[in-house]
Protein chains: 2
Amino acid sequence: MKNAIILAIGNELVEGIIVDTNSKYVANKLLDYGFKIIAIKTLPDDLEILVPEIKESLDKADLVVTTGGLGPTNDDLTREAISLATGKKLIYNEKLGEKILKKAEEYYKEVPENVKRQGYIFEGAIVIENPVGTAPGQLLKLGNKTIIILPGPPTELQPIFQKILKYLEKDNPIYVRRIKTIGIPEAVLVEKYKKIIYSRPDITVATMASYKSGVELRFSGKYSLKNEIDKIVQKLLEKISEYVYAIDEKNIEEVLFEKLKMLGKTVSFAESCTGGLVSSIFVNVPGISKVFKGAIVAYSNEIKEKILNVKKETLQQFGAVSKECVMEMAKGVSSLFSTDYSIAISGIAGPTGGSKEKPVGTVWICAYKLESNEYLYEKFLFKGNREIIRYKAVLHSFNLLRRLIHEEKKKNNN
Amino acid sequence: MKNAIILAIGNELVEGIIVDTNSKYVANKLLDYGFKIIAIKTLPDDLEILVPEIKESLDKADLVVTTGGLGPTNDDLTREAISLATGKKLIYNEKLGEKILKKAEEYYKEVPENVKRQGYIFEGAIVIENPVGTAPGQLLKLGNKTIIILPGPPTELQPIFQKILKYLEKDNPIYVRRIKTIGIPEAVLVEKYKKIIYSRPDITVATMASYKSGVELRFSGKYSLKNEIDKIVQKLLEKISEYVYAIDEKNIEEVLFEKLKMLGKTVSFAESCTGGLVSSIFVNVPGISKVFKGAIVAYSNEIKEKILNVKKETLQQFGAVSKECVMEMAKGVSSLFSTDYSIAISGIAGPTGGSKEKPVGTVWICAYKLESNEYLYEKFLFKGNREIIRYKAVLHSFNLLRRLIHEEKKKNNN
């Protein structure tokens with residue numbers, strides 16, 4: 001297996017101004033090409049640090065991918081650092097330079113002089129032009145080592161990297177399976193089924209718990225182990241099917257979208273504490289308009305009453321964070337939008353607003369089917385900060401509707 | 001200035017399953033404590049890689065912070081790697097171990113045996129108990145070097161790191177100022193004002209462009225340069241005030257919240273292509289219910305007509321992505337929710353749905369004031385994928401309302 005190191009370059013990354021999402025993208029792709037990622041290093045725009053790190057990375061790994069530091073401003077030094085570390089010269093490419101200047105004219109009223117820097121290319125490099133911005137990608141061979149140079153903005157990096165990947169030979173591709181669950185803690189899952197999960201030392205197991213996607217088990221190994229990996233996945237599925245919402249690449253909103261599309265059904269949401277997050281995550285799925293009509297974000301009791309038809313007495317007697325309120329919200333939005341299903345969420349995301357009876361993290365969720373007037377509701381007590389409580393509520397909202405549809409199907413089959 | 005290296009440990013990070021957000025958090029805090037981050041390294045759960053990297057990091061930096069790899073499962077190896085790299089022994093702490101087991105009982109119906117591993121502590125380490133999960137944080141002094149060991153889940157890491165920071169002396173604290181802009185490209189900004197921006201070599205400048213927050217300029221230097229940094233910021237503000245939406249820590253939604261709160265005004269949103277994203281980002285601001293009543297996500301024309309009162313003729317004649325439609329949507333939601341202001345967004349986020357006249361990325365946004373029946377609208381053509389187009393629409397939505405309020409204020413002052 002060949003080793004790869006990713007170098008994410010930029011002061012804004014090491015200083016914590018922005019989160020590096022490129023490395024996740026690049027790592028994921030390289031894995032499919034059979035590379036083992038031995039490190040992702042985030043480094044500042046500083047030649048004294050960059051030059052030795054690039055040298056060292058080329059020593060340790062077969063492939064080094066750099067992201068960022070190709071911009072037109074003075075603090076972008078990746079080109080220079082690679083040149084110093086490898087001894088390879090940068091040569092101005094007239095033709096490319098002209099194209100870059102022309103493109104820059106579309107973007108800028110006055111083209112800044114320093115854009116020209118982006119026309120410098122390494123001797124012998126394969127150049128991939130930038131379909132979005134101006135800095136091109138480059139692939140440079142150095143004996144049996146390879147270095148790939150990518151611009152930092154994700155919209156520019158992704159199409160360039162897609163094209164550059166074709167120049168890498170697939171080396172010992174690996175086989176990967178994923179099982180995604182909601183409702184069972186990571187440690188319980190692993191402890192209870194460790195004999196199945198860790199049954200083969202030649203199969204790599206990664207477990208990970210996330211408030212955005214639940215608990216995931218990931219099995220990987222050489223392609224020749226395909227059957228063995230599939231067997232483990234199959235055995236586990238027989239044990240924990242009630243918790244499994246997806247297998248392999250799909251996430252819960254995609255699973256739910258496909259179920260609804262297959263059934264030819266529509267859905268709407270009534271959101272209080274999640275403030276539109278359920279809806280905004282759902283619309284990330286392309287084609288969602290086939291099943292999704294819309295949502296009401298009812299952030300005040302007045303709106304819950306006026307628009308969602310929640311009774312004044314319900315709010316007075318039980319409060320907005322109650323079974324009764326989410327049931328009325330779900331029915332209200334489903335009727336208003338004429339959708340087959342709906343989900344309603346009301347809770348306390350914090351940091352304030354909690355009480356002894358209803359502490360911060362208390363969230364009521366209700367999934368509803370208009371035709372049969374069926375409700376599936378549950379009360380949760382989520383731990384974490386405001387953001388985490390919200391994301392957990394989203395995850396369990398989708399899961400509750402998945403369960404409502406699932407249970408219905410089971411009933412019909414009996 | 002002391003150097004720091006952050007080691008983010010976990011297969012799920014190097015393999016691109018999840019994005020590392022901890023390093024941004026830790027880096028940001030360390031910066032305020034006067035540390036220079038010379039690298040953030042993301043490493044797999046692999047002793048052969050971890051041990052030499054930990055040794056090397058302790059060689060190069062004064063402070064090494066590790067995050068992750070403290071879980072109860074077999075693939076968590078950070079403790080062992082640090083022990084091997086430093087020669088320090090791990091000792092089981094009975095008292096702490098008992099507490100961890102007790103806490104684990106709250107979480108698990110059957111406590112997994114391997115939770116016990118989290119009770120092992122380094123000889124002489126300062127221990128910070130985990131207020132959320134079970135793995136404690138540790139601070140270990142090794143001569144003039146320091147290593148801080150933190151659990152991976154952000155909700156556990158953050159409160160522990162806050163406490164551990166008190167054991168670090170502030171060393172040469174630095175002074176930081178930020179200017180945040182919308183509407184001027186990074187390269188134009190830098191080229192046009194480079195004489196002001198780069199006027200002092202002892203002041204570090206970072207520029208960064210993000211579709212979530214616009215273009216930011218960040219000036220930092222020793223605390224003794226405070227006056228010089230303030231002067232640069234002041235000079236720039238005089239030149240580019242029309243683009244500046246915030247100074248220093250605030251983001252645009254916080255700026256908008258504060259403006260509305262100060263004026264005692266309320267707002268609602270009517271979202272089409274953003275699908276609830278404007279609303280879900282707005283509610284991240286604590287206390288937002290003082291100004292925010294709710295939103296309508298109208299993902300179909302039917303809902304735009306039925307709930308937002310958009311005229312059938314408007315949709316037929318101009319389409320849903322038009323000035324006329326967002327104007328009616330804005331008025332509709334403002335009337336329905338009885339809010340002083342509103343914002344409406346309708347556009348084509350892609351990947352499909354574009355046409356020659358209205359390509360993917362076309363977004364109409366309208367800010368509205370009910371009392372005076374005033375509209376401020378603008379058509380945008382955003383580049384990027386579905387997610388980026390949406391986030392850009394959110395940013396410009398907030399900015400359009402900020403401008404409407406701002407222009408009104410100017411008028412009143414004249």
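Residues numbered from 1 in each chain as written. Chains lettered and ligands numbered in written order. Predicted model: local features only at pLDDT ≥ 70, side-chain atom pairs only at ≥ 80, totals over all residues. Heavy atoms only, no water.

Put simply, the test is: UniProt positions are given in the numbering used here, feature names are shortened, and annotations may be inferred rather than shown by experiment.
Per an unreviewed UniProt entry, chain A goes by CinA-like protein and derives from Thermosipho atlanticus DSM 15807. You can read under Sequence similarities (unreviewed entry) in the UniProt record for chain A the words "Belongs to the CinA family."

## Quick look at the interface of chain B and chain A
Interface size, as often reported, equals the accessible area lost upon joining of the parts. Short version of the rule: In this description, contact between two residues means that some pair of their heavy atoms is separated by no more than 4.5 Å. When two parts are put together, the accessible area they lose, computed with a 1.4 Å probe and summed over both, is reported as buried area. We define a salt bridge as a side-chain nitrogen of Lys or Arg found within 4 Å of a carboxyl oxygen belonging to Asp or Glu. Whenever a nitrogen or oxygen atom comes within 3.5 Å of another N or O atom, the pair is scored as a polar contact, on the condition that within protein one atom can donate a hydrogen and the other can accept it, and that pairs from neighbouring residues in sequence are kept only if both atoms are in side chains. In this text, helices come from DSSP runs of H or I with a minimum length of four residues, and strands from runs of E with a minimum of two, each type numbered from the N-terminal end. Paired strands are those between which DSSP finds at least two bridges.
Between chain B and chain A, the contact holds 91 residues from the first and 91 residues from the second. Taking both partners together, chain B and chain A bury about 7,100 Å²; carbon and sulfur atoms supply 59% of that area. Contact with chain A buries surface across chain B, with Glu15, Ile17 and Tyr299 of chain B losing the most and accounting together for 8% of the total. Linking chain B to chain A there are 10 salt bridges. Counting every contact that joins chain B to chain A gives 28 residue pairs in polar contact (both at pLDDT 80 or more). For the side of chain B that touches chain A, the leading source of residues is strand β2 (residues 35-43) of chain B, giving 8 residues. Of the strand pairs in this sheet, strand β14 (residues 292-298) of chain A and strand β14 (residues 292-298) of chain B are connected by 5 bridges, and their pairing is antiparallel. In the sheet register, Ile296 of chain A faces β14 of chain B, and the bridge partner there is Ile296 of chain B.

## Overview of the relation of the copies chain B and chain A
How we decide: Residues reaching a pLDDT of at least 70 in both copies supply the C-alpha atoms on which the copies are superposed by least squares.
Of the transformation placing chain B onto chain A, the axial shift is 0.0 Å and the rotation is 180°, giving an RMSD of 0.0 Å. What we have between these two chains is a two-fold relation.

## Notes on the domain arrangement of chain A
All names here are of chain A. To be explicit about the condition: The domain limits used here are those given by an automatic or database domain assignment. Ten residues, namely Ala, Val, Leu, Ile, Met, Phe, Trp, Tyr, Cys and Pro, are considered nonpolar, four, namely Asp, Glu, Lys and Arg, are considered charged, and the remaining ones, Gly among them, are considered polar.
With domains assigned, chain A is organised as domain 1 (2-165), domain 2 (174-247) and domain 3 (252-413). Every contact between the two is made by 9 residues of domain 2 and, on the other side, 10 residues of domain 3. In total, about 880 Å² of surface goes out of reach between domain 2 and domain 3, with carbon and sulfur atoms giving 69% of it. Looking only at domain 2, the three residues that lose the most surface to domain 3 are Ile182, Tyr211 and Tyr245, adding up to 71% of its buried area. Remark: the boundary between domain 2 and domain 3 carries 0 salt bridges. Between domain 2 and domain 3 we count 0 residue pairs in polar contact (both at pLDDT 80 or more) in total. Here the side of domain 2 that touches domain 3 gets 3 residues from one element, more than from any other, and that element is strand β12 (residues 244-247). Residues that form the side of domain 2 that touches domain 3 fall into these classes: 5 nonpolar, 2 polar and 2 charged.

## A look at the pattern of salt bridges
Two side chains with opposite charge may pair up if their charged atoms get near one another. This is how the line gets drawn: Under the scheme applied here, a residue whose accessible area is under 20% of the maximum for its type counts as buried, over 50% as exposed, and between as partly exposed, the area being computed with a 1.4 Å probe on protein chains only.
As enumerated under the stated definition, the model contains 42 salt bridges over all chains in all. For Lys226 of chain B, the salt bridge is made with Asp230 of chain B, and the minimal N-O distance between the two is 3.2 Å. Of this pair, Lys226 of chain B and Asp230 of chain B are both found in helix α9 (residues 226-240), 4 residues apart, which corresponds to roughly one turn of the helix. Residue classification places Asp230 of chain B among the buried residues on the basis of a relative accessible area of 18%. Residues joined by salt bridges that share partners form a network here, namely Lys41, Glu53, Glu56 and Lys60 of chain A together with Lys41, Glu53, Glu56 and Lys60 of chain B.

## Side note on the state of the cysteines
Residues and elements named next belong to chain A. This is how the line gets drawn: Two cysteine sulfurs form a disulfide in these notes if their separation is within 2.5 Å.
Applying the stated criterion across every chain yields a total of 0 disulfides over all chains. The thiol of Cys273 is not disulfide-bonded; the next cysteine sulfur, from Cys325, is found 11 Å away. By relative accessible area, which is 5% here, Cys273 ends up buried.

## What to know about the pairing of strand β3 (residues 63-67) of chain B
Residues and elements named next belong to chain B. Counted residue by residue, β3 has 5 buried out of 5 residues, so it is predominantly covered. The alternating pattern of β3 places Leu63, Val65 and Thr67 on one face and Val64 and Thr66 on the opposite face, and all of these are buried. Both strand β1 (residues 2-9) and β3 contribute to a ladder of 5 bridges, which runs parallel. Looking across to β3, one finds that Ile6 is bridged to Val65. Sheet topology note: the β3/strand β8 (residues 145-150) ladder contains 5 bridges and is parallel. Bridging from a neighbouring strand, Thr67 pairs with Leu150 of β8.

## A few points about the sheet that holds strand β15 (residues 341-347) of chain A
Filter applied, for reference: Simply put, an axis is a line fit to the C-alpha atoms, just over the touching stretch for a helix, and the angle between two N-to-C directions goes from 0 to 180 degrees.
One open sheet holds the 10 strands; their spatial order is β17(A)-β16(A)-β15(A)-β13(A)-β14(A)-β14(B)-β13(B)-β15(B)-β16(B)-β17(B), and the pairing between them is mixed. Single-partner strands in this sheet number two, and they are β17 (374-381) of chain A together with β17 (374-381) of chain B. With strand direction ignored, the average angle separating the axes of adjacent strands in the sheet is 10°. With respect to the sheet, helix α15 (residues 386-413) of chain A is in contact with β13 (267-271), β15, β16 (362-369) and β17 of chain A, its orientation differing from that of β16 of chain A by roughly 35°.

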